[in-house]
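In case you want the letters, here they are:
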Amino acid sequence: MPSPTDAQADLIAYLDFHVEAGADAALDEHPHDRFNEADAPAPALRAPRRPAPRVAEQPVGPVANTLVPPPGAAPPAAPPRTFGRAASAQPDEAASDARARARQAKNLDELEKILAEFDACPLRFTAKNLVFADGNPEARVMFLGEAPGADEDRIGKPFMGRSGQLLDKMMAAIGLDRTSAYIGNIVPWRPPGNRNPTPQEVAVCRPFVERQIELVDPDIIVCLGAPATQTLSGTKDGILRTRGRLFPYALPNREVKLLATLHPAFLLRQPAQKRLAWRDFRALRSLLDGKA
């Protein structure tokens, strides 16, 4: 098979970029400038020409069909297109609703069902799948990352791509795997283009992950990266300052430990920092063994 030309290679790379950003389906044969279309007045619709009905056929009095507009009247305006409540819900209102719904869940299955039906977070309508959790809900340790990526969005489980493979190796190095750990994210839907979730999106999803932690009831929570650490610990420091530190985390009936460490995706970009993550995972092993 002949190798592609430079122009073909550039086109393939351009298409791969859009697929990675979530634009993987064609909606029409030709592109549309939706911004200009939204500002332009709607074209007038011409009524079809038809012969005038006879006078005897016209309905009279209360039996007239009031649903049919009179000749020459403008057609009724189409209702605005919205994505559930996500297009109109205010962040505070959405977060309050999320807290109320999360409290209704008596187990993880109910929480996942409630989250799948929650329509006040716009990420739900741009992601392919809800990425709820993976692993053993009876485990003593719970790993929490930031948000799903493209592989996780496609499969529907957290940490399925390259960062997930690295996390599996990191867990295996201290005797853990997905049968002895529970894995999730603070945001269960993939942000478009793998961007960072906004503070508003994190605030809306936070009640669900907090309820998820309560239902799992782990002994140790491991936050992978700064967003998860900052969301659950309340610190504003960066991950290189907080990694290796233990924070208290209050559950309804007890207080557990929260350990901050580096996200596997960060380690893939900065391999030299793996030595720091190894220290954190050795500390995690000591905590699980009751030696710290």
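About the criteria used
Residues numbered from 1 in each chain as written. Predicted model: local features only at pLDDT ≥ 70, side-chain atom pairs only at ≥ 80, totals over all residues. Heavy atoms only, no water. Pairing = 2+ DSSP bridges. Helix = DSSP H or I, 4+ residues; strand = E, 2+ residues; numbered from the N terminus. Contact = heavy atoms within 4.5 Å. Axes fitted to C-alpha atoms, helices over the stretch in contact; angles between N-to-C directions. Expected span 1.5 Å × (residues − 1). Buried < 20%, exposed > 50% of the residue type's maximum accessible area, 1.4 Å probe, protein only. Arc of directions from axis to C-beta. 1 Å grid on protein atoms, 1.4 Å probe; cavity = no way out; pocket = protein on both sides within 12 Å on 5 of 7 lines; lining within 4 Å. Points joined across faces, edges and corners; volume = space filled by probe spheres on them. Nonpolar A, V, L, I, M, F, W, Y, C, P; charged D, E, K, R; others polar. Parallel < 35°, antiparallel > 145°, perpendicular 65-115°, else oblique. Left-handed = near helix turned anticlockwise from the far one by under 90°. Salt bridge = Lys/Arg side-chain N within 4 Å of Asp/Glu carboxyl O. Bend = angle between axes of the 7 residues up to and from the residue. pLDDT = per-residue confidence, 0-100.

1. Quick notes on the sheet that holds strand 4 (residues 220–224)
Reading across the sheet, the six strands line up as 1-3-2-4-6-5 and stay open at both edges, with mixed pairing between neighbours. A strand with exactly one partner marks an edge of an open sheet, and here the two such strands are strand 1 (134–135) and strand 5 (246–250). Bridge count between strand 1 and strand 3 (residues 182–185): two bridges; the pairing is antiparallel. Directly across from Gly-135, in strand 3, lies its bridge partner Tyr-182. Relative to strand 4, helix 8 (residues 226–233) is tilted by about 135°, and along the sheet it contacts strand 2 (141–145), strand 4, strand 5 and strand 6 (255–261).

2. Structural notes on helix 3 (residues 91–104)
Spanning 14 residues, helix 3 covers 20 Å between terminal C-alpha atoms, matching the ideal 20 Å at 1.5 Å per step. What helix 3 keeps buried is the set Ala-94, Ala-95, Asp-97, Ala-98 and Ala-102. An end-on view of helix 3 places all buried positions within 160° of arc, on one side of the element. Of the residues in helix 3, the exposed ones pointing more than 90 degrees away from the buried face are Asp-92, Arg-103 and Gln-104. Tucked into the core, helix 3 has its buried residues touching helix 4 (108–117) and helix 7 (199–216).

3. Examining empty space enclosed by the protein
On inspection of all chains with the given rule, the structure shows one cavity of 30 Å³ or more. Space inside the largest cavity adds up to approximately 70 Å³. If you tally residues by element for the lining of the largest cavity, the top one is helix 7, at four residues. The class makeup of the residues in the lining of the largest cavity is nine nonpolar, two polar and no charged.

4. Some thoughts on the packing of helix 6 (residues 162–173) against helix 11 (residues 274–288)
With their axes 10 Å apart at the nearest point, helix 6 and helix 11 run at an angle of 45° to one another. What the angle tells us is that helix 6 and helix 11 run oblique. Seen along the crossing, helix 6 lies across helix 11 with a hand that is right-handed. Only Lys-274, Ala-277, Trp-278 and Phe-281 of helix 11 make contact with helix 6, whose side of the interface consists of Leu-166, Leu-167, Met-170, Met-171 and Ala-173. Looking at the contact of helix 6 with helix 11 residue by residue, the class counts come to eight nonpolar, no polar and one charged.

5. Here's the deal with the pattern of salt bridges
Two side chains bearing opposite charge may form a pair once their charged atoms approach each other closely. Enumeration according to the criterion identifies 13 salt bridges in this entry. Here Asp-217 and Arg-254 are joined by a salt bridge, their closest N and O atoms 3.1 Å apart. You can see Asp-217 sitting in the loop between helix 7 and strand 4 and its partner Arg-254 sitting in the loop between strand 5 and strand 6, a full 37 residues away along the chain. Look at Arg-254 and you get partly exposed, because its relative accessible area is 32%. When salt bridges that share partners are traced, they join Arg-140, Asp-217, Asp-219 and Arg-254 into one network.

6. Concerning helix 7
With 18 residues, helix 7 extends 25 Å between its outermost C-alpha atoms, agreeing within 8% with the 26 Å of an ideal straight helix rising 1.5 Å per residue. Taken as a whole, helix 7 carries its principal kink of about 40° at Cys-205; the proline Pro-207 stands between one and four residues after it. Burial in helix 7 covers these residues: Glu-201, Val-202, Val-204, Cys-205, Pro-207, Phe-208, Val-209, Gln-212, Ile-213 and Val-216.

7. Let's talk about the pairing of strand 3
Side-chain alternation along strand 3 places Tyr-182 and Gly-184 on one buried face and Ile-183 and Asn-185 on a second face that is also buried. Both strand 2 and strand 3 contribute to a ladder of four bridges, which runs parallel. Directly across from Met-142, in strand 3, lies its bridge partner Tyr-182.

8. Re the confidence of the model for the protein chain
The predicted model of the protein chain has a mean per-residue pLDDT of 85, with 71% of residues at 70 or higher. Every residue in residues 58–66 scores below 50 in pLDDT, and together they form three contacts with partners more than four places removed in sequence or on other chains. Counted against residues more than four places away or in other chains, residues 78–83, with its pLDDT under 50, gives three contacts.

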